[in-house]
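# Structural overview for review
Given next are the chains, with one letter for each unit.
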Amino acid sequence: MDLELASRYIDFREECRSWLQANNPGQIASMDTPEGFEVHREWERVLFDGGWSVPGWPTACGGRDCDLIEWLIYEEEYWLSGVPGRVSANGVNLLAPTIFNFGTQEQQDYFLPKMASGEHIWAQGWSEPEAGSDLAAIKTKAIRDGDHYVLNGQKTWCSRGAFADWIFCIVRTDPEAERHAGLTYLLVPADAPGMERRPIGRLDGEPGFAELFFDNCRVSVDNVLGEEGQGWAVAMAAAGSERGLNLRSPGRFMAAVERLTALVRAMKEQDHDVDARLRDEVTDAWIKAQAYRWQTYQLAAGLMEGAEIGSEASLGKVFWSELDLELHATALRLLGDTGEVVDDNDWLDGYVFALSGPIYAGTNEIQRNIIAERVLGLPRR
Amino acid sequence: MDLELASRYIDFREECRSWLQANNPGQIASMDTPEGFEVHREWERVLFDGGWSVPGWPTACGGRDCDLIEWLIYEEEYWLSGVPGRVSANGVNLLAPTIFNFGTQEQQDYFLPKMASGEHIWAQGWSEPEAGSDLAAIKTKAIRDGDHYVLNGQKTWCSRGAFADWIFCIVRTDPEAERHAGLTYLLVPADAPGMERRPIGRLDGEPGFAELFFDNCRVSVDNVLGEEGQGWAVAMAAAGSERGLNLRSPGRFMAAVERLTALVRAMKEQDHDVDARLRDEVTDAWIKAQAYRWQTYQLAAGLMEGAEIGSEASLGKVFWSELDLELHATALRLLGDTGEVVDDNDWLDGYVFALSGPIYAGTNEIQRNIIAERVLGLPRR
Amino acid sequence: MKFAFTDEQDMFRDTVRDLFADLCPPEAVRASWDNEDGRVPGLWDALAEMGVLAVLAPEDAGGLGMDEVGLVRILEEAGYAGVPEPLMEHAAVAVPALAEAGSELIEAAIGGATRYSVALSGGGPNVLAAASVDALVAEDDGALVAVPADAFTVTGAESIDQSRRLARVELTGECADLGGADAALANDRAALGTAAQCIGVARRLLDATVEYVGERHQFGKPVGSYQAVKHHLANVRIGIEFSAPLVYRAAWSVAHPETHDPVTRGRDVSMAKSTASDAVDEACRAALQCHGAIGYTFEYDLQLWLKRGWALAATYGDARGHRDRVADALEI
Amino acid sequence: MKFAFTDEQDMFRDTVRDLFADLCPPEAVRASWDNEDGRVPGLWDALAEMGVLAVLAPEDAGGLGMDEVGLVRILEEAGYAGVPEPLMEHAAVAVPALAEAGSELIEAAIGGATRYSVALSGGGPNVLAAASVDALVAEDDGALVAVPADAFTVTGAESIDQSRRLARVELTGECADLGGADAALANDRAALGTAAQCIGVARRLLDATVEYVGERHQFGKPVGSYQAVKHHLANVRIGIEFSAPLVYRAAWSVAHPETHDPVTRGRDVSMAKSTASDAVDEACRAALQCHGAIGYTFEYDLQLWLKRGWALAATYGDARGHRDRVADALEI
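Structure report, in brief. (Residues numbered from 1 in each chain as written. Chains lettered and ligands numbered in written order. Predicted model: local features only at pLDDT ≥ 70, side-chain atom pairs only at ≥ 80, totals over all residues. Heavy atoms only, no water.)

## Some remarks on the overall build of chain A
- Scanning chain A from terminus to terminus reveals 11 helices and eight strands.
- Computed over its C-alpha atoms, the radius of gyration of chain A comes to 21 Å, within 12% of the 21 Å expected for a compact globule of 381 residues.
- In terms of principal-axis extent, the alpha carbons of chain A reach across some 70 × 50 × 45 Å.
- Residue pairs in contact within chain A that sit at least 24 positions apart in sequence constitute 72% of those at least 6 positions apart.
- When the accessible surface of chain A is split by element, carbon and sulfur atoms take 47% of a total near 14,600 Å².
- Taking the 35 positively charged and 61 negatively charged side chains of chain A as two groups, their mean positions are separated by 3 Å. (Helix = DSSP H or I, 4+ residues; strand = E, 2+ residues; numbered from the N terminus. Rg over C-alpha atoms; globule rule 2.2 N^0.38 Å. Contact = heavy atoms within 4.5 Å. Areas by Shrake-Rupley, 256 points an atom, 1.4 Å probe, with all protein chains shown as cover. Lys, Arg positive; Asp, Glu negative; His and termini not counted. Charge placed at Lys NZ, Arg CZ, Asp CG, Glu CD.)

Shown next, in the form of structure tokens:
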């Protein structure tokens, strides 16, 4: 065990921090408004031009070939700096690992740089009205017709789907096959003929989701990722990243708990009473963020030696999503009876966002089943 | 709604309180030791002679024909007074309502007065090694042979079973029938030939349970309660009482939270710090005891108008068992790092006892299923 | 000793419930998010006509002469229906304050001509419906005053529940003294009335969720057949079961000052509000989680009650603040 | 930066684990409840021989010269096995204190001839194994002293875990000054070592319960196939997953005073103990509930770990006390 940072890591942290400080655009409009989406795309471009969009990718694709430790440091600095969030997150975190693993050379060359620069912003098109946690119940059909698939069906809960340029979907190419068989991973341009999208208001009213309707929508067979019929296996690789290191790095929560402790200090300076209960909750959240950090460094050490993350990713998903919810609920309790007021209340925005954490990417109920069955080995039925 | 106590209730409370104060034997040995069992039997006799053993029963059986309100007042005063617990509780609370409902006149005349006076102390013989929460899996066979049944099988987790005089059992009189069918409710004397019992140490080491082994044990057919083959229906009536009003009246918890608040006051007087967290927990427990009290008075008002308690009893069972656990855990947290020390530590004894609450009389997991399925109407499968 | 409502109380509750179902369905609540004044057309007049505004006014002042025990069940229904009007503020706080002060303003209040909200120390800096009401009952230096709309100014504040039109108010003109009305009692009434609404919101969230999970299928089974979902909702049911009686018991306490001194009354009200806040908080959390993504959308009605629940749980004192008051009463 | 144990650390841990499995099976733990001195015959000598007592002693004093990072995993195994000896007190606290004081007593300590317990301010009024040890390292007026058995008297106190032979001690005779050893550091080491044991106890409870619920059937299915049971145990697994790394991280902190000042060290140790206490508390609760009645019996071995877990969770500071210390370090 060696928990001291080598000087190259210290230098990396410093370089990252300086760049973010120098280039921070400050508060910008929500990425779930048409204007905000484009402003966020510009921020992606700024990151890309500075070399800080996808530091973990190979330099050839616009990255800087960071190792996992550097990537974790980058994430810590990113969130601590207070720069805007990433409108590209679905693509960079969930799709890109799949393209690296399963994409053809042509797909990698075409899609990855455009994703890195913000030219293509991606949305995820997996869920359907009757296929949420039960993803294998997907019904959207994609029937081969020459060098195209013809899509019919409906997708829903596509985060960023209202304004995205591309959508990565799972569709049923073999309507005879059931459940996990006969599914295919397909990349669909937002302007594909026969696709319509309808924004869905999120809890906060912003169109953070969309529904997609396919009516004889034609998509080129070149846009299959992996093999036809192998969609489930291809998707599960990305689901591993979604629940694992990539989706929610510790840096995000470390930054949030620093803001929380700063809130307590500010309140105490203004002679607000912060009693032992609230102080305890704030401290508990701070400790849990550190716990998530060190558990991640432990995972990273294994990954760097060639280990893989499997069902253990579910442990992290439950932990960070419930930490996120608790830390925001604590902040609202600190704010007391002005907590319901929206104006300039980042904590309330954060609380509402955090509420989705135990639901998306597989509900925490499903995650706990996975932990029990696949990590602990309890009987499935 | 009328929450003022009529003067006859106020007089009743006063009479009850005075009697308990005047007759309190003080601390006596644990009822789960051979000596303590007999000392507790003597206490039962004192109660009986004073008319305070079974105040809710008809005067003909040794009671004073109390109404439900009086009974609740009696329970409040009983527990607040600090007199010993009831070694007769299994009989009085769980069996007696069944005898009143299903017993023949001869059974009522014979068993009830002896139960009231402590001459017969009863244990419950329902669970088996493979039939705990799943009570319908009972295997102990009772085959009719003339005017006797011949019992073979094993019972376990019989509270008070090590020293009891009688055991109320559920046995399978029709070995061909499955699950709820073919069961019979049978009253078994502890000295029945062919029955052996083995004390089981509880978590605290005392023989609070027993295992019973039946080896061609002969029991008279006169000891069937209700009809042969109707054991499940007869038993479920008692299970209603077990989880309902009778088993754990609010008075028990109201007394416990009074002791808890007294502990806080005593600690503060000795300049111990009781911070906002502990103060909050103590207050929460106190409030919950009041909530249980008022919810019970609400139920009682319904019962007095002829309503019945059904699956709603599960709400109370979950609530009081978790309240009991939390209030004792809070007390141990108040005591801090001397909490593990047994000497003169009633709170630790109480904690260990409370730990059994979410398990017995149907685990709280089963209770929550019942609430969801039968109270809320969620689908069973 | 009888812990049960009278047939009259039950009937009145049922009548008001039907009125809410009729005039204040979810579409009306949703409309109040966007319209100018945050109101439900026709509702207030109907409530006045039915006597709901006059529940706590004495009969000799033209009121129904009922007490808080009857009123809390009406307010529970208001929470269940999601009523966005300042009904609690008006009927549970302003009207009895005017009555106790012997003010002649009470006539217009119970008739519905003057619509009140309240500005009390226990309610925090923001006042519900301040911009649309005709008058306030306000706490000013520990005393209660009646303030017509032209005697205060408002600065709007946006609630996450946009049917709750909030504003800070500043008293700028002449107020009518309400000597004889007690500010501590008014605050207790507001906390009690909010607790009753919390219970109603929790019941609505539970009913909506039970219905949804019975219909929604995943993995070939209704979502509601999964034990985790069952246990979430069983917990919500338990929370309601053991908070509602404390609300009724506190209502009795407020209604009977002759046997309940202010400390006991405050303790009872705080027991009610702390458990009701906890119950509705748990209902919100479980309802959203058991709905999954659909519950997280603006178009689906669940959000109306989620946001009401979050707001009411913290309004007029959150669970902890009220537990602190109980602790004070217990002298621990 | 590499958060992983070395192969040597892993191997040493495995060796000690095998030793515990061999010499300290559940029957041996159970026997220590009833025998005269609460000890496991032969275990101490075997530990001495294997060098376990000497882990934190420098090589030039005849020790292994390892650090706390290596030791915490041994102590985790001690918790897993339920070792009733004062191994943590001796190896994690007394030995390094003797080493830092440059005391010649260290030779007999690491050889096993002198068996130590510790009496520290952070450990509360009772001292483990006080009646059977040969000596104590005690905190006296903020300084550390070594106290031979004839220089203190004991007054027994019975723990719910009867393998924990507790006593109050009173220093009555001559003590050896341990100038150079730091009482605050000793307290941190004891809290860290207790945290490591908590993790081990939690793992044991989880393993035992996973095994039981896989075998036990009710309603025709293994108990472990019910979602409620699954979620209880998943929560225990999560608790362990996110507390163990904080224990290892704190061990690093204690082992590296050159880069960790006492406040940082204390903060890290307190993070470890608070989360480890919470993890073992949750493991106890879930293990008992998922076992049902069988877990509530004296004859079944689960109770050995339940009681150890309850005791260790509160010993050398409970979760809240340690969170308070983290809060102080955060200046909130």
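Let's pick the thread back up.
## Observations regarding the nonpolar core
- Core analysis: the largest hydrophobic core is formed by 354 residues, its most contacted members being C:Leu205, C:Leu233, C:Val247, D:Leu205, D:Leu233 and D:Val247.
- Those residues in contact with D:Leu205 that sit more than four places away from it in its chain are D:Val280, D:Ala283, D:Cys284, D:Ala287, D:Leu302, D:Trp305 and D:Leu306. (Core = buried A, V, L, I, M, F, W, Y, C linked by side-chain atoms within 4.5 Å. Buried < 20%, exposed > 50% of the residue type's maximum accessible area, 1.4 Å probe, protein only.)

## Regarding the pattern of salt bridges
- One pass over the structure, following the stated rule, counts 110 salt bridges over all chains.
- Residues joined in a network through salt bridges with shared partners are A:Asp275, A:Arg277, B:Arg279, B:Asp280, B:Asp284, B:Lys288, C:Asp278, C:Arg323, C:Asp324 and C:Asp328. (Salt bridge = Lys/Arg side-chain N within 4 Å of Asp/Glu carboxyl O.)

## Observations concerning the interface of chain D and chain A
- The partner chain A presents 42 residues to the 46 residues of chain D that form the contact.
- Summed over both sides, the interface between chain D and chain A buries roughly 4,300 Å², with carbon and sulfur atoms accounting for 69% of that surface.
- Taken as a group, D:Met1, D:Phe242 and D:Ile332 account for 22% of the area that chain D buries against chain A, more than any other trio of residues on that side.
- For the pair chain D and chain A, the interface holds six salt bridges.
- Along the contact surface separating chain D from chain A lie 20 residue pairs in polar contact (both at pLDDT 80 or more).
- Looking at the side of chain D that touches chain A, the elements with two or more residues in it are helix 7 (183–215), strand 9 (221–222), helix 8 (227–241), helix 9 (244–255), helix 10 (262–291) and helix 12 (319–330) of chain D.
- Top contributing element to the side of chain D that touches chain A by residue count: helix 8 of chain D, with nine residues. (Buried area = accessible area lost by both parts, 1.4 Å probe. Polar contact = N/O pair within 3.5 Å; in protein donor to acceptor, adjacent residues only side chain to side chain.)

## Here's the deal with helix 11 (residues 302–314) of chain C
- Taking 1.5 Å per residue, 13 residues should reach 18 Å; helix 11 of chain C reaches 19 Å between its end C-alpha atoms and fits that length.
- Most of helix 11 of chain C is tucked away: 12 of the 13 residues are buried.
- Turning to helix 11 of chain C, its buried residues number three or more, namely C:Leu302, C:Gln303, C:Leu304, C:Trp305, C:Leu306, C:Lys307, C:Arg308, C:Gly309, C:Trp310, C:Ala311, C:Leu312 and C:Ala313.
- Residues of helix 11 of chain C that are buried make contact with helix 10 (346–355) of chain A together with helix 2 (26–34), helix 4 (68–81), helix 7 (183–215), helix 10 (262–291) and helix 12 (319–330) of chain C. (Expected span 1.5 Å × (residues − 1).)

## A few points about the packing of helix 8 (residues 276–304) of chain A against helix 9 (residues 313–335) of chain A
Residues and elements named next belong to chain A.
- One way to put it is that helix 8 packs onto helix 9 with a least axis distance of 10 Å and a crossing angle of 155°. One finds that helix 8 runs roughly antiparallel with respect to helix 9. Note that helix 8 runs across helix 9; the crossing there is left-handed. Facing Leu278, Glu281, Val282, Ala285, Lys288, Ala289, Ala291 and Tyr292 of helix 8, the residues of helix 9 in contact are Gly316, Phe319, Trp320, Leu323, Leu327, Thr330, Arg333 and Leu334.
- Here the contact of helix 8 with helix 9 is built from residues that sort into 11 nonpolar, two polar and three charged. (Axes fitted to C-alpha atoms, helices over the stretch in contact; angles between N-to-C directions. Parallel < 35°, antiparallel > 145°, perpendicular 65-115°, else oblique. Left-handed = near helix turned anticlockwise from the far one by under 90°. Nonpolar A, V, L, I, M, F, W, Y, C, P; charged D, E, K, R; others polar.)

## Thoughts on the relation of the copies chain A and chain B
- Here chain A sits on chain B after a turn of 180° about the axis and a move of 0.0 Å along it, with an RMSD of 0.0 Å. Such a combination of rotation and displacement between the chain copies is what one expects of a two-fold axis.
- Here 100% of the interface residues in chain A have copies in chain B that are interface residues too; the copies meet face to matching face. (Least-squares fit on C-alpha atoms with pLDDT ≥ 70 in both.)

## Considering helix 2 (residues 34–50) of chain B
Residue and element names in this part refer to chain B.
- The end-to-end C-alpha distance of helix 2 is 25 Å, a good match for the 24 Å that 17 residues give at a rise of 1.5 Å each.
- Where helix 2 is concerned, the buried positions are Gly36, Phe37, His40, Arg41, Trp43, Glu44 and Leu47. Projected down its long axis, helix 2 shows its buried positions confined to an angular sector of 160°, all on one face. Along helix 2, exposed side chains directed more than 90 degrees from the buried face belong to Glu35, Glu42 and Asp49.
- Buried-residue contacts for helix 2 involve helix 1 (7–23), helix 3 (68–81) and helix 5 (105–117).
- Glycine 51 occupies a position one or two residues after helix 2 and carries a positive phi of about 80°. (Arc of directions from axis to C-beta.)

## Things to note about the environment of C:Leu246
- With respect to the helices and strands, C:Leu246 occurs in helix 9 (residues 244–255).
- With 23 residues separating them along the chain, C:Leu246 and C:Val269 place their C-alpha atoms 8.1 Å apart.
- Beyond its immediate stretch of four places on either side in the chain, C:Leu246 contacts B:Ile287, B:Gln290, B:Ala291, B:Trp294, C:Asp268, C:Met271, C:Ala272 and C:Thr275.

## Re unusual backbone geometry
- One non-glycine residue with positive phi stands out, namely B:Arg179, at about 55°.
- Positive phi values are uncommon outside glycine, yet D:Phe219 reaches one of about 55°.
- Note on placement: D:Phe219 falls in the loop between strand 8 (217–218) and strand 9.
- Relative accessible area serves as the criterion here: at 38%, D:Phe219 is assigned to the partly exposed category.

## Overview of the interface of chain A and chain B
- Listed by partner, the interface residues are five residues for chain A and five residues for chain B.
- Summed over both sides, the interface of chain A with chain B buries roughly 410 Å², with 57% coming from carbon and sulfur.
- Sorting the residues of chain A by area buried against chain B places A:Ala276, A:Arg277 and A:Asp280 first, and these three jointly supply 82% of that buried surface.
- The tally of links from chain A across to chain B stands at two salt bridges.
- Note that B:Arg277 and A:Asp280 form a salt bridge whose closest N and O atoms lie 2.9 Å from each other.
- At the surface where chain A touches chain B, the tally comes to two residue pairs in polar contact (both at pLDDT 80 or more).
- The residue makeup of the side of chain A that touches chain B, split by class, is one nonpolar, no polar and four charged.

## A word on the pairing of strand 3 (residues 148–155) of chain B
Residues and elements named next belong to chain B.
- Of the pairings in the sheet, the one linking strand 2 (residues 141–145) to strand 3 comprises five bridges and is antiparallel in character. Opposite isoleucine 143, over in strand 3, you have valine 150 as the bridge partner.
- Counting the residues that bridge the hairpin from strand 2 to strand 3 gives two residues, and of these glycine 146 lies at a positive phi of roughly 70°.
- Relative to strand 7 (residues 209–220), strand 3 runs antiparallel, the two sharing eight bridges. Its bridge partner lying in strand 7, asparagine 152 is registered against aspartate 215. (Pairing = 2+ DSSP bridges.)

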